[in-house]
Amino acid sequence: MSPTCQAVLSSWSLDAKIAWGVLASFLLYLRGWWVVHRTSPRRFPTWRLWAFTGGLAALWLAIASPLDAFSGLLLSAHMVQHLLLMSVAPPLLLLGAPLLPLLRGLPRKFARDGVGPFLVWPELRRGARQLTHPVSCWMVMAIILCAWHVPPAFDLALRSPGWHKVEHACFLGASLLFWWPVVRPFPNRPQWPLWSVPLYLLAADLLNTTLSAILTFSDRVLYQPYLQAPRLFGTTALSDQSCAGVLMWVPGSLVFLVPAALIAMQYLSASHRLVRPQIPQTLRYGPVSQSKHQTKPRFAVGARRFDLLSVPLVGPFLRAQSGRRLLQAMLLIIALAVIVDGLFGPQVSSANLAGVLPWTYWRALVVIGLLAAGNFFCMACPFMLFRDLGRRLGLRQRSWPRALRSKWFGVALLALFFWGYEVFGLWDKPIWTAWLIINYFLVAFTIDALFRGASFCKYVCPIGQFQFVTSLVSPLEVKVREPGVCASCKTHDCLRGNEGHRGCELDLYLPRKFGNLDCTFCLDCVRACPHDNIGVIAVAPGMDIVRDPPRASLGRLSGRLDIAALAMAFVFAAFANAAFMTAPVASFEDNLAGRLGLTSRLPVTSVLLLIALVMAPATLAALSAYASRAASNVSATMRELLSRFSMSLVPLGAAMWAGHFLFHLDVGWDSGWTTLRHTASRWHLLSSPNSVIPSPLIGAGALSILQTLLLDAGLLLTLYLVWRIALVYAPRVRSAFRLFAPWAGIATALYIAGVWIFLQPMQMRGLSAAISLP
Amino acid sequence: MKCDALVRLLPWLLMFGLSLSNARADGGVIRLREAKGPFLVTIFTAAEPVQDGPGDVSVLVQRRDSGDAILDATVELVFNAPAVSTAEPVEQLCGASGAWLLGRSSKSGQAQLTVPAFRRLASNKLLYAAPIRFGTAGDWEVEALVKHRNDAVKFACGIPVGSQPRRLILLAPYLALPPLLVALFVLNQWLRRHPLAKWSTGQQAQ
């Protein structure tokens, strides 16, 4: 193959949004098609899956293939691209009968309660019926086709990438509409008889022929950019235009004429009869309000929840005690390396494992892991190894003091940690990081060696408290598979343990464990359960906050002000921690310290943190609880409202933490290997690497979008939780809205603050020296 | 079938998708088309390069006599900053992955910066491209130095770089998502509670 040919064929471009859109559509369709195929294999045979996949492939080919790269230079390439977008992709997509599979591909509850009401909305149905009327479809297609082929419009699309995308979207949208009355995708009901379809297609072909004839026989170049473009492959602009016209004419006409002929034959054949599609009851999503006599929609297919322990390799690994030991040993080795390098390595954060591993990687990966899966860091936590050591030494005789059996101590330690991090700049002091870890080990050992249970994890560990709160929005939860099995269980091994295995050391009795609070994912309960009735099961993130049942070892959340305080500290610390690394806040601190005549920023930072972590959340929560109670006249106490609604802010806080830590991970993602090599070279294990300039994993623009999307998701989930909790206390919408409004106000204010923070220039904490590595 | 697992992979796929988003606007607007020496050179840039936005520059090198694309040339782009600024490679920490950020004025900065252009960086592999982010607005000048075997020819053109739109505007579609979805949710709730919707739902079911 010639180099030119190779170059042409390798000119693919990957647009993130298109790639994501095509992939998401395919996965959604695949999931839904699998469900409806099993229920109704004759209506959804395998060829429909292939047709839809082919449609997506044609779409992908049009937009990402060399056709797109050359569309600005060759009109013929541009024409093939348009043919794919208008004549190949749309009919194939519609042949996949995508409506039902895409609907069933969505999460069941969302499809029924979220999309369902819109699908039965009379106005929307009427509008959709008018839009898919053959006359509307034909007219839309004709107008779009003619309008975009007018030279000024076509030139605009060639000059501006944005308008080019709009042009493509118009072509695709109009063509989907055009092919709708022809393909009549299930469960659409035809509005015109079958005999009209060939006429419909012939009329379209007439228009296509007119346009393509103009292109083919024109004696001048119609689109100016092609006149100026460099000529490739020995073509002239005019011959290229003629070629494009022929492409539009011949293959473009065949696309209309072949289906017209086939449909005409079908109509004229003796076996033809008009079949009105009937929607099987099993494929329907039930209406919003079901009457007594209507059968409930059945969702037997795919109703079983995902259980991580059922996944091959992963499940057995997690179940095995040795698997957990392996993870703990790995983290212990990493922790020891961090301690050694922190104590004896260079005190440059970016060149020291104690600067890079905890502050760039660990915290980001932990939060990502929590939001994507669950509290797996606690599972692998190396501090827990010392609990076993204490147990073996036989020292664990005492119970944790009753006065300290709440989260208040943990909240105080968490706030202290945030304060220390800001004031002493832990991210930039490897030796302090090393000492922090050493002290963590000592405290963990002391407490767990002396006291029974998992007192350190449950009441002391600030990292654990952070994880517990974040895991409220995790998609996985350790929970009972079949509650009926537990009802007949007499031994309660999940709590008490047995000869072979320990029970839950955090006193979580599984049948009454709701949510991830206080769960360290140690899976001791899984191993202890004689009925194999405990799994790591998929749950709707955050939905546990809406309910308030009596929880094992925790009681009702409405009575736990300490847990509410923990949640508020977690949320406000997310915003404060990110804000303190922005240039405006840093200069504000300097200015304030200067005006007060202080030589250090420490007092200013301390006061600001006190306001951000304690005073602001306490005041806002109290005011909101008071306002919502006064406005809605509900009988619940202020304390109860505060405790319940504070928890609903957790998704927003988690989103802020994730956005913030992703920034550090993005900026320093490739610094770990270099730092590791520097460390290894000091111990003469590896050669010293060359100095490198770290480059971000994704660009600043994409990161900003990702951060904003995270905040969007956090805000929306928070607002939804607030609304659901409000409905628990006040079933009437008006009262519920009064309960909702103050808390929604806090969430919106925090969201705006988050957007502002992410728009500010950020300090490269711990990475500024990365460019001048020794 | 592990469809749930597939759905759970979506966030990671999103991350993957976002990581693909390098700005490669080759084949945008033609800034220069000139025949000189044995070469016919066309210089493209993004349609409207803006400060701190993608302003990728790409070059098509053809034989002057036959018009065939030359694929083994060496192309270097020399950027001259507007009068008030100097060009210098700025720390890449905040730039797009792998992109050269041509920076704002500095006391010790150079007058110009040379950036190599490669075919592997272009979407259209007949072109030589250099992903660029202009750190300052104004009229930049770019010189393309094309070398092929014993021939070396310099081509020059100007690139007007506009001021950067505010980042808030760039994020506007994403900031509009929450109000839009809240509005849809309100409508959803209204439809679920409204008597007319319930009535029509009942009718539909019958």
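The rules we used
- Residues numbered from 1 in each chain as written.
- Chains lettered and ligands numbered in written order.
- Predicted model: local features only at pLDDT ≥ 70, side-chain atom pairs only at ≥ 80, totals over all residues.
- Helix = DSSP H or I, 4+ residues; strand = E, 2+ residues; numbered from the N terminus.
- Buried ≥ 20, exposed ≤ 12 C-beta atoms within 10 Å, placed from the backbone.
- Pairing = 2+ DSSP bridges.
- Axes fitted to C-alpha atoms, helices over the stretch in contact; angles between N-to-C directions.
- Domains from an automatic or database assignment.
- Contact = placed C-beta atoms within 7 Å.
- pLDDT = per-residue confidence, 0-100.
- Parallel < 35°, antiparallel > 145°, perpendicular 65-115°, else oblique.
- Left-handed = near helix turned anticlockwise from the far one by under 90°.
- Core = buried A, V, L, I, M, F, W, Y, C linked by C-beta atoms within 7 Å.

Draft legend 1. A look at the overall build of chain A. When you go through chain A residue by residue, the secondary structure sums to 34 helices and two strands. Its C-alpha atoms give chain A principal-axis dimensions of about 90 × 70 × 55 Å. Per-residue burial over chain A gives 44% buried out of 774 residues.

Draft legend 2. Local environment of the sheet that holds strand E10 (residues 151-161) of chain B. Residue and element names in this part refer to chain B. A sheet is described by the order of its strands in space; here four strands give the open sequence E6-E4-E9-E10, paired in antiparallel fashion. Each edge of the sheet is formed by a strand with only one pairing partner; in this case those strands are strand E6 (112-117) and E10. With direction set aside, neighbouring strand axes in the sheet form an average angle of 20°. In this structure, strand E4 (residues 74-80) lies alongside E6, joined through six bridges in antiparallel fashion. Note that in E6 the partner of glutamate 76 across the bridge is proline 116.

Draft legend 3. Focus on the domain arrangement of chain A. Domain annotation for chain A reports domain 1 (3-268) and domain 2 (557-772). One C-alpha centre belongs to domain 1 of chain A, the other to domain 2 of chain A, and the line joining them spans 44 Å.

Draft legend 4. Region of interest: the environment of cysteine 494 of chain A. Residue and element names in this part refer to chain A. Tracing the backbone shows cysteine 494 in helix H25 (residues 493-496). The sequence separation of cysteine 494 and proline 742 amounts to 248 residues, and the corresponding C-alpha distance is 41 Å. Not counting residues up to four positions away in its chain, the partners in contact with cysteine 494 are Gly503, Cys504, Tyr509, Leu510, Cys525, Ala528, Cys529 and Ile534.

Draft legend 5. Summary view of unusual backbone geometry. All names here are of chain A. In this structure, proline 187 follows phenylalanine 186 across a cis peptide bond, with omega equal to 10°. Of note, proline 187 is situated in the loop between helix H11 (161-183) and helix H12 (196-217). A positive phi angle, close to 50°, is found at arginine 184, a residue other than glycine. Counting through the fold element by element, arginine 184 comes out in the loop between H11 and H12. Unlike most non-glycine residues, serine 553 shows phi in positive territory, near 70°.

Draft legend 6. Molecular detail of the confidence of the model for chain B. All names here are of chain B. Mean pLDDT over chain B stands at 71; residues scoring 70 or higher make up 63%. When pLDDT is averaged over each element of chain B, helix H4 (residues 172-175) comes out on top at 90 and helix H2 (residues 10-19) at the bottom at 44. Below pLDDT 50 for its whole length, residues 1-26 participates in 57 contacts with residues either more than four positions away or in separate chains. Across residues 104-110, where pLDDT falls below 50, the model places 14 contacts with residues more than four positions away in sequence or in other chains. For this predicted complex, the interface confidence reaches an ipTM of 0.76, while the overall pTM sits at 0.75.

Draft legend 7. Structural view of the confidence of the model for chain A. Residue and element names in this part refer to chain A. With 93% of its residues at a pLDDT of 70 or more, chain A has an overall mean of 85. In this model residues 274-303 is a low-confidence stretch, pLDDT under 50, and it forms 44 contacts with partners more than four residues away in sequence or in other chains. Every residue in residues 765-774 is under pLDDT 50, and counting partners more than four places away or in other chains gives 28 contacts.

Draft legend 8. Inspection of the packing of helix H3 (residues 46-64) of chain A against helix H5 (residues 75-95) of chain A at higher detail. All names here are of chain A. Where H3 meets H5, the axes come as close as 7 Å, and the angle between the chain directions of the two elements is 160°. One element, H3, and the other, H5, form an angle in the roughly antiparallel class. In this structure, the crossing between H3 and H5 has a hand that is left-handed. Residues Arg48, Ala51, Phe52, Gly54, Gly55, Ala58, Leu59, Leu61 and Ala62 of H3 pack against Gln81, Leu84, Leu85, Val88, Ala89, Leu92, Leu93 and Leu95 of H5.

Draft legend 9. Expanded view of the sheet that holds strand E2 (residues 39-45) of chain B. Residue and element names in this part refer to chain B. Ordered in space as E1-E2-E3-E7, the four strands form an open sheet in which the pairing is antiparallel. Only two strands of the sheet have a single neighbouring strand rather than two, namely strand E1 (29-36) and strand E7 (127-130). Neighbour to neighbour, the strand axes of the sheet diverge by 20° on average, direction disregarded. Where strand E3 (residues 57-63) lies against E7, four bridges are found, and the strand directions are antiparallel. Considered in E7, the bridge of valine 59 is made with tyrosine 128.

Draft legend 10. Region of the structure containing the packing of helix H17 (residues 353-372) of chain A against helix H31 (residues 650-668) of chain A. Residues and elements named next belong to chain A. Viewed as axis vectors pointing N to C, H17 and H31 meet at an angle of 135°, and their least axial separation amounts to 9 Å. Overall, the two elements H17 and H31 adopt an arrangement that is oblique. Our pair here, H17 against H31, has a crossing hand that is left-handed. Facing H17, whose interface residues are Val356, Trp359, Thr360, Tyr361, Arg363, Ala364, Val367, Ile368 and Leu371, H31 presents Ala654, Trp657, Ala658, Phe661, Leu662, His664, Leu665 and Gly668.

Draft legend 11. View of the nonpolar core. Residues and elements named next belong to chain A. With 126 residues, the main nonpolar core has Cys525, Ala567, Ala569, Phe570, Val650, Val722 and Ala747 as its most contacted residues. When residues of this core are assigned to their parent elements, the largest contribution, 17 residues, is made by helix H33 (residues 700-729). Apart from residues lying up to four places away in sequence, alanine 747 is in contact with Leu649, Leu652, Leu715, Thr718, Leu719 and Val722. If you look at the next biggest cluster of nonpolar residues, it comprises 68 residues, including Leu67, Leu177, Leu201 and Val255.

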